Amino acid sequence: MRVTVRLFARLRDLAGSGELMREVEAPATVRTVWQSLAAEIPALVEYEGTMSVAVNAEYARMAAAVHDGDEVAFLPPVSGG
Amino acid sequence: MRVTVRLFARLRDLAGSGELMREVEAPATVRTVWQSLAAEIPALVEYEGTMSVAVNAEYARMAAAVHDGDEVAFLPPVSGG
Amino acid sequence: MPLAAVTREPLDLQALTRDLVQGTPGDGAVAAFTGLVRHRNQGRTVHFLEYEAYEPLAAKALERIINEARETWPAIRMGMHHRIGRLEIGDASIIIVAASPHRADAFAACRYAIERVKQIVPIWKREHFEGGEIWLEGAPADPDDEQAKLIAHKIACV
Amino acid sequence: MPLAAVTREPLDLQALTRDLVQGTPGDGAVAAFTGLVRHRNQGRTVHFLEYEAYEPLAAKALERIINEARETWPAIRMGMHHRIGRLEIGDASIIIVAASPHRADAFAACRYAIERVKQIVPIWKREHFEGGEIWLEGAPADPDDEQAKLIAHKIACV
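In this text, all values refer to a predicted model and were calculated from it rather than measured experimentally.

No interface is formed between chain A and chain B, the nearest pair of C-alpha atoms being 30 Å apart. Regarding chain A and chain C, which are not in contact, the minimum distance between any of their C-alpha atoms is 10 Å.

Turning our attention to the packing of helix H2 (residues 55–72) of chain C against helix H3 (residues 103–120) of chain C. All names here are of chain C. For the pair H2 and H3, the least separation of the axes is 10 Å and the interaxial angle reads 145°. Where H2 crosses over H3, the handedness of that crossing is right-handed. For the pair formed by H2 and H3, the contact residues are Ala61, Leu62, Arg64, Ile65, Glu68 and Ala69 on the first element and Ala109, Tyr112, Ala113, Arg116, Val117 and Ile120 on the second. Class assignment of the residues belonging to the contact of H2 with H3 gives a composition of nine nonpolar, no polar and three charged.

What follows covers unusual backbone geometry. Cis geometry marks the peptide bond from alanine 26 of chain A to proline 27 of chain A; its omega dihedral reads -5°. Locating proline 27 of chain A in the fold gives a position in the loop between strand S2 (19–23) and strand S3 (28–29). With a phi angle near 55°, alanine 9 of chain A is a residue other than glycine that sits in the positive phi range. Examined against the element boundaries, alanine 9 of chain A turns out to sit in helix H1 (residues 9–15). Taking the relative accessible area as the measure of exposure, alanine 9 of chain A reaches 1% and is therefore buried. At glutamine 42 of chain C, a residue that is not glycine, the phi angle is positive and equals roughly 50°. When you line up the elements, glutamine 42 of chain C lands in the loop between strand S3 (40–41) and strand S4 (44–53).

Where interface size is given, it is often the accessible area lost as the parts come together that is meant. Taken together, the 31 residues of chain D in the interface contact 24 residues of chain A. Both sides of the chain D and chain A interface together cover about 2200 Å² of buried area, and 53% of this is carbon and sulfur. The largest share of the area that chain D buries against chain A comes from Tyr54, Trp124 and Glu137 of chain D, three residues that together contribute 29% of it. There are five salt bridges connecting chain D and chain A. Scanning the region where chain D abuts chain A turns up 23 residue pairs in polar contact (both at pLDDT 80 or more). Taken together, the elements giving at least two residues each to the side of chain D that touches chain A come down to strand S4 (44–53), helix H2 (55–72), strand S7 (92–100), helix H3 (103–120) and strand S8 (123–129) of chain D. Of the residues in the side of chain D that touches chain A, the class split is 19 nonpolar, four polar and eight charged.

All names here are of chain A. Strand order in the open sheet formed by five strands is S2-S1-S7-S4-S5, and the pairing between neighbours is mixed. Each end of this open sheet is capped by a strand with a single partner; those strands are S2 and strand S5 (58–60). Between one strand axis and the next, the sheet turns by 30° as a mean value, whatever way the strands run. In the packing of helix H2 (residues 30–40) onto the sheet, the strands contacted are strand S1 (2–7), S2, strand S4 (52–55) and strand S7 (71–75), and the crossing angle to S7 comes to about 65°.

Per-chain confidence: chain C averages 97 in pLDDT, with 100% of residues scoring 70 or above. The ipTM for the predicted assembly is 0.96, set against a pTM of 0.97.

Next up on the list: the sheet that holds S7 of chain D. Read across the open sheet, the eight strands follow the order S1(C)-S5(C)-S7(C)-S2(C)-S2(D)-S7(D)-S5(D)-S1(D); overall the sheet is mixed. What marks the edges here is a single partner per strand, and that holds for strand S1 (4–7) of chain C together with strand S1 (4–7) of chain D. Neighbour to neighbour, the strand axes of the sheet diverge by 10° on average, direction disregarded. Relative to strand S7 (residues 92–100) of chain C, strand S5 (residues 77–83) of chain C runs antiparallel, the two sharing six bridges.

About the thresholds
Residues numbered from 1 in each chain as written. Chains lettered and ligands numbered in written order. Predicted model: local features only at pLDDT ≥ 70, side-chain atom pairs only at ≥ 80, totals over all residues. Heavy atoms only, no water. Contact = heavy atoms within 4.5 Å. Axes fitted to C-alpha atoms, helices over the stretch in contact; angles between N-to-C directions. Helix = DSSP H or I, 4+ residues; strand = E, 2+ residues; numbered from the N terminus. Left-handed = near helix turned anticlockwise from the far one by under 90°. Nonpolar A, V, L, I, M, F, W, Y, C, P; charged D, E, K, R; others polar. Buried < 20%, exposed > 50% of the residue type's maximum accessible area, 1.4 Å probe, protein only. Buried area = accessible area lost by both parts, 1.4 Å probe. Salt bridge = Lys/Arg side-chain N within 4 Å of Asp/Glu carboxyl O. Polar contact = N/O pair within 3.5 Å; in protein donor to acceptor, adjacent residues only side chain to side chain. Pairing = 2+ DSSP bridges. pLDDT = per-residue confidence, 0-100.

Okay, structure coming up:
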């Protein structure tokens, strides 16, 4: 199945792109998507302990299920305001 | 000597005027001025415990000296904002 | 218009804020308070309010409050305008703006200032309500009352 | 514009306030916060900032904060706009307005909201300073973190 991966701020810079299309095998979770991405781009790993994740623009947990067509986002610590 | 007495809000209503010219004998204090005014307009007496006073547009105490030409103001509890 | 003022004109928060923060690129936070005339008060239906001031002393009292705030929060700058005369429901009676490098000080100073206004500024409201009129009376004003200052500081959560 | 919004346009506190208090004659107090871009940060001279957002989630997070505030202070109404894109020194990056019958709630809700923005809204600033550029990173965002909410309530001095 196919998911859209969204990356922001420094995660985006490290990956060289803010939006990636990726194939993952079902059944998948956010963690599955992350692990395959981190294997591909090892520099991302430093964010594993501090990032937040979202599925289809809702905050989610690493264990959340991911389905075909979903948008999975990885968010570094926020600095708005 | 001559002083200008200023009265505000309900004190003004009770006195029927916000500005009175009064003769007082020197040496005078704010208390002197008040006592002569309260003798004249007894309804004012209820404010004796809660009012504030000012001389020449500066907060003052009842014991403050008053000189010829001064403006003496009596202020009920405030309700601005 | 000066930063501390008593006026019969409608208040302009945007203009006061602009005057306050102009040329101060170190300010990252602006806290503001606006007091509006309400249609209900203590169970009464309010038609309008009339504000009366001892104008020269009221302007000085506003300046005094700004100075007090700067004693506690030296980095802040503050502007305060109080309107007087007849005010309709929804009209702004007071605006207070506090600018500061950091938000904690801006909020605390603004919160402190409105409490102090209600304690020591010689302004009175006459409420015209359904069935009558009444002078509202709050606190006996004593700018040197340290207990009152303490209460204002406590409310500001310093 | 909706009460909660992420936008590339300059922010307008006056318009947001007008939208918020229109037709609510029971509100006597409006507290507002404006965040401005500062020229100095952590000893660096800042040239400008670039704000990036995960826009749909950021808008929902702002709405979430408004709902949280109304759980604690049921009488308040709140509007919040966050600007993104390139912002110059002195530009407003965020405006928050809280209206309420009484001032204590308006202040507390406004103070709470800006803390929560910094905790959970997916927006990031890139600082362009003299000598380089850097992504600023604050708090790991977890909207369900009760400890973070508690801190925000504590700062709001509830």
